[in-house]
Amino acid sequence: RGKRAFIAGVADDHGYGWAISKALAAAGAEILVGTWVPALNIFESSLRRGKFDETRKLPDGSLMEITKVYPLDAVFDSPEDVPEDIKTNKRYLGSSNWTVKEVVESVKQDFGSIDILVHSLANGPEVTKPLLETSRYGYLAAISASSYSYVSLLKHFAPIMNPGGASLSLTYIASERIIPGYGGGMSSAKAALESDTRVLAFEAGRKHNIRVNTISAGPLRSRAAKAIGFIDMMIDYSSENAPLQTELSAEEVGNAAAFLASPLASAITGTVVYVDNGLNAMGVGV
Ligand code: NAD
């Protein structure tokens, strides 16, 4: 039987989630995605209208099939957590069952189980502010959307993940080195995500025989990265200073994710894997 993957955080064809979905599809996995509710309409209509047909192409010439798109807002665990202003927001009214618990219940009803869980989402409302100017609200919102969202997804999905399954998230070097401009508590959120990767690897490994890893990815011009505002500078910096002086492609991160999710990586868990052309290993720029 082929593997079934749920990729949370796909809303266009520019980000890591899309590239990871493609790499998993190319390796034979069935693809389910979780799309942020406010982005759902545009994503689904673009898919339907064939806007992504060029980038849906897999190495064998076929097009990636997304079996089902689930609306998801990973900052809410169950309906009781949703505040009135979101409930009545017109971008949310057209969708239902998009809290983490409900999404997992729907996947269970539709398919029974999954083998691979990918968390490719982050959000920090104050990301453009230095940490020293970040509000408590902004900091906690960054942690909620970018770190706890992973704990919650894994906690709810683990019981329906087949033993031997694998889970992955995406992190960034700003968790461990100073990257001015990656603000709003996002550096803190990535530090939490990496620490949680180790603890969750232990807990989910012992309890469910699931592996848990995170990919520390180099810079990519995704929608989320463009919102931070310094992505072109980061890409140039990497091309100038990394051991490998080529621009990182989302596909390279997708391929690493497919490896980590596969039995080829059966003894790898609790790790941060750098897919960044080696930039993390540099001490000074040259
Ligand atoms: P992206 O815009 O493609 O992906 C982010 C996704 O998160 C979007 O689809 C967005 O709709 C979704 N999202 C935001 N809030 C959400 C919520 N509450 N519930 C559900 N979905 C929500 O951008 P990306 O850069 O590919 O980001 C994917 C992951 O890669 C993130 O964890 C990001 O931090 C990480 N990353 C990115 C870079 C980079 O340079 N782009 C580098 C290292 C790590």
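As shown above, the structure is provided for reference.
Keep in mind the model is a prediction, meaning the values are calculated, not measured.

Rules used in this analysis
- Residues numbered from 1 in each chain as written.
- Predicted model: local features only at pLDDT ≥ 70, side-chain atom pairs only at ≥ 80, totals over all residues.
- Heavy atoms only, no water.
- Salt bridge = Lys/Arg side-chain N within 4 Å of Asp/Glu carboxyl O.
- Helix = DSSP H or I, 4+ residues; strand = E, 2+ residues; numbered from the N terminus.
- Buried < 20%, exposed > 50% of the residue type's maximum accessible area, 1.4 Å probe, protein only.
- Pairing = 2+ DSSP bridges.
- Axes fitted to C-alpha atoms, helices over the stretch in contact; angles between N-to-C directions.
- Contact = heavy atoms within 4.5 Å.
- Near = heavy atom within 4 Å.
- Polar contact = N/O pair within 3.5 Å; in protein donor to acceptor, adjacent residues only side chain to side chain.
- Areas by Shrake-Rupley, 256 points an atom, 1.4 Å probe, with all protein chains shown as cover.
- Right-handed = clockwise from strand over helix to strand, strands pointing away.

Asker: Would you mind going over the pattern of salt bridges in detail, with residue names and values included?
Answerer: For the structure on display, the rule yields eight salt bridges. One salt bridge connects Asp 110 with Lys 68, and the closest N-O pair in it is separated by 2.8 Å. On the criterion of sequence distance, the pair formed by Asp 110 in helix α5 (residues 100-111) and Lys 68 in strand β3 (residues 66-72) is long-range, its members being 42 residues apart. For Asp 110, a relative accessible area of 36% corresponds to the partly exposed category. The structure contains a network of salt bridges with shared partners spanning Asp 53, Arg 56 and Glu 65.

Asker: Tell me about the sheet that holds strand β4 (residues 114-119), residues and numbers included.
Answerer: Taken together, the seven strands give an open sheet; going across it, the order is β3-β2-β1-β4-β5-β6-β7, and neighbouring strands pair in parallel fashion. This sheet does not close on itself; its edge strands, each paired only once, are β3 and β7 (272-275). Ignoring which end each strand starts from, the neighbouring axes of this sheet average 20° apart. Bridge analysis of strand β6 (residues 211-217) against β7 gives four bridges, and the strand direction is parallel. Bridge pairing links Ile 215 to Val 273 in β7. Its contacts with the sheet place helix α10 (residues 250-261) against β4, β5 (161-171), β6 and β7, and it is angled at close to 165° to β6.

Asker: Please set out the site of the ligand residue by residue, giving values where relevant.
Answerer: Surveying the vicinity of the ligand reveals 27 residues, the closest of which are Tyr 16, Asp 73, Lys 190, Leu 220 and Ser 222. Here Trp 36 contributes a side-chain N or O atom positioned 3.4 Å from a nitrogen atom of the ligand. One nitrogen or oxygen atom from the main chain of Ala 224 is found 3.1 Å from an oxygen atom belonging to the ligand. Its free accessible area being 810 Å², the ligand has 93% of it covered by the protein chains. If you list the elements that add at least two residues to the shell around the ligand, you get β5 and α8 (223-228).

Asker: Can you explain the environment of Arg 223? Please cite residues and give values.
Answerer: Secondary-structure assignment places Arg 223 in helix α8. Residue classification places Arg 223 among the exposed residues on the basis of a relative accessible area of 65%. Sequence separation between Arg 223 and Gly 15 is 208 residues, and the spatial gap between their C-alpha atoms is 6.9 Å.

Asker: Account for the pairing of β4, with residues named and values stated.
Answerer: Burial runs high along β4: six of the six residues are buried. Inspection of the sheet shows strand β1 (residues 4-8) paired to β4 by four bridges, in the parallel sense. The residue bridging Phe 6 from the neighbouring strand is Leu 117, located in β4. Viewed along the sheet, the connection from β4 through helix α6 (residues 136-157) into β5 turns out right-handed.

These figures come from the coordinates and say nothing about function on their own.
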